[in-house]
Amino acid sequence: SQTIHQWPATLVQPVGSPLSLECTVEGTSNPNLYWYRQAAGRGLQLLFYSVGIGQISSEVPQNLSASRPQDRQFILSSKKLLLSDSGFYLCAWSVLWETQYFGPGTRLLVL
Amino acid sequence: TQLLEQSPQFLSIQEGENLTVYCNSSSVFSSLQWYRQEPGEGPVLLVTVVTGGEVKKLKRLTFQFGDARKDSSLHITAAQPGDTGLYLCAGASNAGNMLTFGGGTRLMVKP
């Protein structure tokens, strides 16, 4: 069966510090991978998606970047965090692109 | 740009009551997903509907896809406190690898 992991679960970072959130998927090959941000109790905003190693599409211009160094690894990064980067970050995977499966999320608080 | 409007945004009801959540768009989707999310966790897939007019039942939950595949509804019968959570609809289009998410409906069922 497939599983998706995200870490860390919670992160508190000062403004201006770098960020690296990691997502890995097990039990499937060549998945589509996604990064979302969610405001408290609301819907999901797609940030990046990837259909293969090294292939990244950005949906919203911002202070963040994404990389996919391996088939089942997706990383969300920032060189300098802003207060507005605080939120709940979700990674998801899909094989058939219509249904996505989500990880447990990372709660990021920028102070 | 495809948009999905969910209503209501918030719903607070007593245990045993029935409720319906709506997901509407002016765009046609090839399929539509419903997710439920608990605080601090990732969304969990409840159902995928694919065919216009399709009805799927999951215990006390009934999902319907509109005939024109532009809208969907989720009906919960005899709601229980365990149904509390954020319900998200998401539509898949024929183009691309992305889902369009609704803004979510936050349901609270009081005992």
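Note that the structure is a prediction, hence the values are computed from the model and not measured.

Novice: I would appreciate a short explanation of the state of the cysteines in the present structure.
Specialist: By definition, a disulfide links the sulfur atoms of two cysteines through a covalent bond. Under the counting rule described, the total for this entry stands at 2 disulfides over all chains. Linked covalently through their sulfurs, A:C23 and A:C91 form a disulfide whose S-S length is 2.0 Å. Looking along the S-S bond of the A:C23-A:C91 disulfide, the torsion reads about -75 degrees, which is the left-handed sense. Highlighted residues: A:C23 in strand 3 (residues 19-26) and A:C91 in strand 9 (residues 87-94), separated in sequence by 68 residues. On the basis of relative accessible area, A:C91 is assigned to the buried category, the value being 0%. The disulfide partner of B:C23 is B:C89, and the S-S distance across this bridge is 2.0 Å. Judged by the torsion about the S-S bond (75 degrees), the B:C23/B:C89 disulfide is right-handed. With B:C23 in strand 3 (residues 19-24) and B:C89 in strand 9 (residues 85-92), this residue pair connects regions lying 66 residues apart in the sequence. Residue classification places B:C23 among the buried residues on the basis of a relative accessible area of 0%.

Novice: Help me understand the pattern of salt bridges, please; the structure alone is not making it clear to me.
Specialist: Opposite charge on two side chains permits pairing when their charged atoms draw close. Counted according to the given criterion, the structure contains 5 salt bridges over all chains. The closest approach of N and O atoms between A:R68 and A:D71, which form a salt bridge, is 3.3 Å. For A:R68, a relative accessible area of 3% corresponds to the buried category. Look at A:D71 and you get partly exposed, because its relative accessible area is 21%. In this structure, B:E54 engages B:K56 in a salt bridge whose closest nitrogen and oxygen atoms are separated by 3.8 Å. The class of B:K56 is partly exposed, set by a relative accessible area of 32%.

Novice: Got a minute to help me understand the interface of chain B and chain A in this structure?
Specialist: Many authors give the size of an interface as the accessible area that is lost as the parts come together. Contacts between the two partners involve 26 residues from chain B, matched on the other side by 23 residues from chain A. Here chain B and chain A share 0 salt bridges between them. At the junction of chain B with chain A, the criterion picks out 4 residue pairs in polar contact (both at pLDDT 80 or more). When residues of the side of chain B that touches chain A are assigned to their parent elements, the largest contribution, 4 residues, is made by strand 4 (residues 31-37) of chain B. For the side of chain B that touches chain A, the residue count by class is 9 nonpolar, 15 polar and 2 charged.

Novice: Can you walk me through the sheet that holds strand 8 (residues 71-76) of chain B in this structure?
Specialist: What links the strands of a sheet is backbone hydrogen bonding, and the strands pair in either a parallel or an antiparallel sense. All names here are of chain B. Taken together, the 5 strands give an open sheet; going across it, the order is 1-3-8-7-6, and neighbouring strands pair in antiparallel fashion. Each of the sheet's edge strands pairs with one partner strand only, and the pair in question is strand 1 (5-7) and strand 6 (55-58). Averaged over all neighbouring strand pairs, the angle between strand axes comes to 15 degrees, with direction disregarded. Examined bridge by bridge, strand 3 and strand 8 share 6 bridges and lie antiparallel to one another. Bridge pairing links N24 to D71 in strand 8.

Novice: Which parts of the structure should I look at to understand the sheet that holds strand 8 (residues 73-78) of chain A?
Specialist: Residue and element names in this part refer to chain A. Spatially, the 4 strands line up as an open sheet ordered 1-3-8-7, and their pairing is antiparallel. Lying at the two open borders of the sheet, with one neighbouring strand each, are strand 1 (3-7) and strand 7 (65-70). Mean inter-strand twist for the sheet, computed between neighbouring axes without regard to direction, equals 20 degrees. Note: strand 7 against strand 8, 4 bridges, orientation antiparallel. Bridge pairing in strand 8 places S67 opposite I75.

About the criteria used
Residues numbered from 1 in each chain as written. Chains lettered and ligands numbered in written order. Predicted model: local features only at pLDDT ≥ 70, side-chain atom pairs only at ≥ 80, totals over all residues. Heavy atoms only, no water. Disulfide = S-S within 2.5 Å. Helix = DSSP H or I, 4+ residues; strand = E, 2+ residues; numbered from the N terminus. Buried < 20%, exposed > 50% of the residue type's maximum accessible area, 1.4 Å probe, protein only. Salt bridge = Lys/Arg side-chain N within 4 Å of Asp/Glu carboxyl O. Contact = heavy atoms within 4.5 Å. Polar contact = N/O pair within 3.5 Å; in protein donor to acceptor, adjacent residues only side chain to side chain. Nonpolar A, V, L, I, M, F, W, Y, C, P; charged D, E, K, R; others polar. Pairing = 2+ DSSP bridges. Axes fitted to C-alpha atoms, helices over the stretch in contact; angles between N-to-C directions.

This is a description of form; function is not addressed.
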